[in-house]
Every structure is written in structure tokens, then in C-alpha cells.
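# Commentary on secondary and tertiary structure
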Amino acid sequence: MLTTTEIHQLIAQMLPTAEIKIEDPLGDGVHLKATIISPQFTNLNRVDRHRLVYQALGDAFSGPLHALQIITRSPEEV
């Protein structure tokens, strides 16, 4: 199982200038929420933004990560 810290680190490697918040709202370590604000999201649609996040997480979804709600914003959208 990936910790919130490990998920944060994976995303930060792909999006080093991003503001990243990883939460475990149910406290089960399985159903997590990621809020990511990054200038790299400027002029990207939601699908392309999520692709960047999935790319950062690599094969985590095929193993330890079960559910991750992803919220992406550019700094202009905050």
C-alpha cells in the first residue's frame, strides 16, 4: 500500500512546481484524494491533466493504490 507521502513524492517528481495535497478522507489508506495545483496544467484539459498525474503514479493503480480522486487546477483557476 502506498502512503500519502509516497503518492505526494511520485506526483512531485513529475510536477515539481505543483502544490500537492493528498488526503485520506475515510482513514482507510485506500480511498484517497489528491488536489494538485500546477502551472503545468495551464491550457490543458482535464483529461490531459489527469494523464500527467497517472503517468507520475506509474503502475501504482495495478497494485497498491485502489481509488484516487484527482482534482487538478492551474494557478489561474484557484
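Residue numbers run consecutively from 1 along every chain, following the written order of its sequence. Side-chain atom pairs in this predicted model are given and counted only at pLDDT of 80 or more, local residue features only at pLDDT of at least 70, and totals for whole chains, interfaces and linings cover all residues. The side-chain figures draw on all heavy atoms in the structure; neither hydrogens nor water molecules are used.

### What to know about the overall build of the protein
For the record, the criterion: Comment: elements are numbered from the N terminus, with helices defined as DSSP H or I runs of at least four residues and strands as E runs of at least two. Only C-alpha atoms enter the radius of gyration; for comparison, a globular chain is expected to reach 2.2 Å times N to the power 0.38, where N is the number of residues. Note on exposure labels: buried denotes an accessible area under 20% of the residue type's maximum, exposed denotes more than 50%, and partly exposed covers the range between, all computed with a 1.4 Å probe on protein chains only. Note on definitions: a residue-residue contact is assigned when non-hydrogen atoms from the two residues lie within 4.5 Å. Methods summary: accessible areas were calculated by the Shrake-Rupley approach with a probe of 1.4 Å, and residue burial reflects only the protein chains presented. A positive count includes Lys and Arg, and a negative count includes Asp and Glu. His and the chain ends are not counted in either. Lysine's charge is taken at NZ, arginine's at CZ, aspartate's at CG and glutamate's at CD.
Per the secondary structure count, the protein includes two helices and three strands. In the protein, the succession of α and β elements from N to C terminus is α-β-β-α-β. The globule rule puts the C-alpha radius of gyration for 78 residues at 12 Å, and the 12 Å found for the protein is close to it. Dimensions of the protein along its principal axes, counting C-alpha atoms only, are 35 × 25 × 20 Å. Here the protein, with 78 residues, has 33% of them falling under the buried criterion. Taking the contacts inside the protein whose residues are at least 6 apart along the sequence as the reference set, 55% of them involve residues at least 24 apart. Roughly 4,800 Å² of accessible area belongs to the protein as shown, and the carbon and sulfur atoms make up 50% of that amount. For the protein, the distance from the average site of its 6 positive side-chain charges to the average site of its 9 negative ones is 8 Å.

### Thoughts on the sheet that holds strand β1 (residues 19–23)
In plain terms, the rule: Being paired, for any two strands, means DSSP has found at least two bridges between them. Under this scheme, a helix contributes an axis fitted over its contacting stretch, all axes are lines through C-alpha atoms, and angles between N-to-C directions fall in the 0 to 180 degree range.
Strand order in the open sheet formed by three strands is β1-β2-β3, with mixed pairing between adjacent strands. Lying at the two open borders of the sheet, with one neighbouring strand each, are β1 and β3 (67–73). Across the sheet, the mean angle from the axis of one strand to that of its neighbour is 15°, orientation sign disregarded. One ladder, built from seven bridges, connects strand β2 (residues 31–37) with β3; its direction is parallel. In the strand pairing of β3, I37 is matched with R73. Sheet contacts for helix α1 (residues 4–14): β1 and β2; angle to β1, the most-contacted strand, approximately 155°. Sheet strands touched by helix α2 (residues 46–57): β2 and β3. Its angle to β3, the strand with the most contacts, is close to 130°.

### Description of the pattern of salt bridges
Any two side chains of opposite charge can pair, given that their charged atoms come close. Note the cut-off: Take a side-chain nitrogen of Lys or Arg and a carboxyl oxygen of Asp or Glu: if they are within 4 Å of each other, that pair is a salt bridge.
Taken as a whole and assessed by the stated rule, the structure comprises two salt bridges. Of the charged contacts in the structure, one is a salt bridge between R51 and D48, with a shortest N-O distance of 3.0 Å. Taken together, the residues R51 and D48, both in helix α2 and three residues apart, mark about one turn of the helix. A salt bridge links E77 to R49; its shortest N-O distance comes to 2.8 Å. Here E77, found in the segment after β3, pairs with R49, found in helix α2; they are 28 residues apart in sequence, far enough to count as distant. Look at R49 and you get buried, because its relative accessible area is 7%.

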